[in-house]
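# Reading the structure
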Amino acid sequence: MKYDPVSPERVQEILARLAEMYPSAKCALHHSNAWELLVATILSAQCTDVRVNMVTPVLFKKYPTPQHFAALKPEELEPEIRSTGFFRNKSKSLVGAAQKIVNEFDGKVPDAMEKLLAVPGAARKTANVVLGSWFGKAEGVVVDTHVYRISRRLELTAQNEAGKIEQDLMRVIPREQWIDFSHRVIWHGRALCIARKPKCVDCKLETICHAADKTWSTVETHKNAKP
């Protein structure tokens, strides 16, 4: 029988094994409300969650609400977030996002994709994070660097653009699993399926993974299964 990497049976097996490895995986960005999660997600672009979690407690103590952010000039915010990288663009995005939310959404982060995408700094990945992790709404699949790599390694997609990868994943993964799938793959990318040297010998997915860059394998590898 011809090998089908996105057959429902294989996809279900991948989901089951991820659930076994990471049963309680959740968003790694520390937050206590939707606004804090939005800010943290914007800051996490090209930056580690660990670094963001070091920056946000001080930031939220100083500026606890969207109204506080909206009253700032971007230059005033820059020193606070400098260590997250791209701080000038991020400062503009955060102040712009706060002003939009205060002026158009009554100070509350909207819980609809279309409205979130109108907020400065909130592209689809950010919107998916906020909708999934705070509001519990599965409107899409978060495609961060880990999901990008691992979904290609597992042959769930052959695309190389985040938007197209998301569309492929939405087609093959049941909607009720979209949120958990992203959380678990992100944890997997940090714990085992590391970019440069995946720890294949310790991975419960090993026997159904044919990634070309495996460091240890009991199954045939596929040259096109690569990040």
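Residues numbered from 1 in each chain as written. Predicted model: local features only at pLDDT ≥ 70, side-chain atom pairs only at ≥ 80, totals over all residues. Heavy atoms only, no water.

### Concerning the layout of surface pockets
Applicable threshold: As defined here, a cavity is a set of points on a 1 Å grid over the protein atoms alone where a 1.4 Å probe fits but cannot get out. A pocket is an open set with protein on both sides within 12 Å along at least five of seven lines, and residues line them when an atom is within 4 Å of a point. Grid points are joined across faces, edges and corners, and a volume is the space filled by probe spheres set on the points. Helix and strand assignments follow DSSP, with helices taken as H or I runs no shorter than four residues and strands as E runs no shorter than two, numbered in order from the N terminus. Basically, the charged four are Asp, Glu, Lys and Arg, the nonpolar ten are Ala, Val, Leu, Ile, Met, Phe, Trp, Tyr, Cys and Pro, and anything else, Gly included, counts as polar.
Its boundaries defined by the atoms lining it, the largest pocket holds a volume of some 570 Å³. Taken together, 33 residues make up the lining of the largest pocket; nearest its centre are Asp49, Lys125, Asp144, Ile186 and Arg190. When contributions to the lining of the largest pocket are tallied by element, the ones reaching two or more residues are α3 (49-62), α8 (124-133), α9 (145-153) and α11 (178-191). Residues belonging to the lining of the largest pocket are distributed by class as follows: 14 nonpolar, 12 polar and 7 charged.

### Focus: the packing of aromatic side chains
For clarity, the threshold we go by: Put simply, two rings from Phe, Tyr or Trp (the six-membered ring, in Trp's case) pair if the centres are within 6.5 Å, and we call them stacked under 30 degrees between planes, edge-to-face over 60, tilted for the rest. Each residue gets one of three labels from its accessible area relative to the maximum for its type: buried under 20%, exposed over 50%, partly exposed in between, using a 1.4 Å probe on protein chains only.
In this structure the tally under the stated criterion is 2 aromatic pairs. When the centroid spacing of 5.3 Å and the interplanar angle of 75° are considered together, the rings of tryptophan 35 and phenylalanine 69 count as edge-to-face. Separated by 34 residues along the polypeptide, tryptophan 35 in helix α2 (residues 34-43) and phenylalanine 69 in helix α4 (residues 66-70) bring together distant segments of the chain. Relative accessible area serves as the criterion here: at 0%, phenylalanine 69 is assigned to the buried category. A connected cluster of aromatic rings, assembled from ring pairs, spans Trp35, Tyr63 and Phe69.

### Thoughts on the packing of helix α1 (residues 8-21) against α11
Note the threshold: Fitting a line to C-alpha atoms yields each axis, with helices limited to the stretch in contact; the angle taken between N-to-C directions then spans 0 to 180 degrees. For a crossing to be left-handed, the near helix must be turned anticlockwise from the far one by less than a right angle; the clockwise case is right-handed. Only heavy atoms enter the contact rule, under which two residues are in contact if any of them lie within 4.5 Å.
Taken N-terminus to C-terminus, the directions of α1 and α11 make an angle of 65°; their axes are 10 Å apart at the nearest point. In the crossing of α1 with α11, the sense of the turn from one axis to the other is left-handed. Here Leu15, Leu18, Ala19 and Met21 of α1 lie close against α11, whose contacting residues are Phe181, Arg184, Val185 and His188. Tallied by class, residues from the contact of α1 with α11 come to 6 nonpolar, 1 polar and 1 charged.

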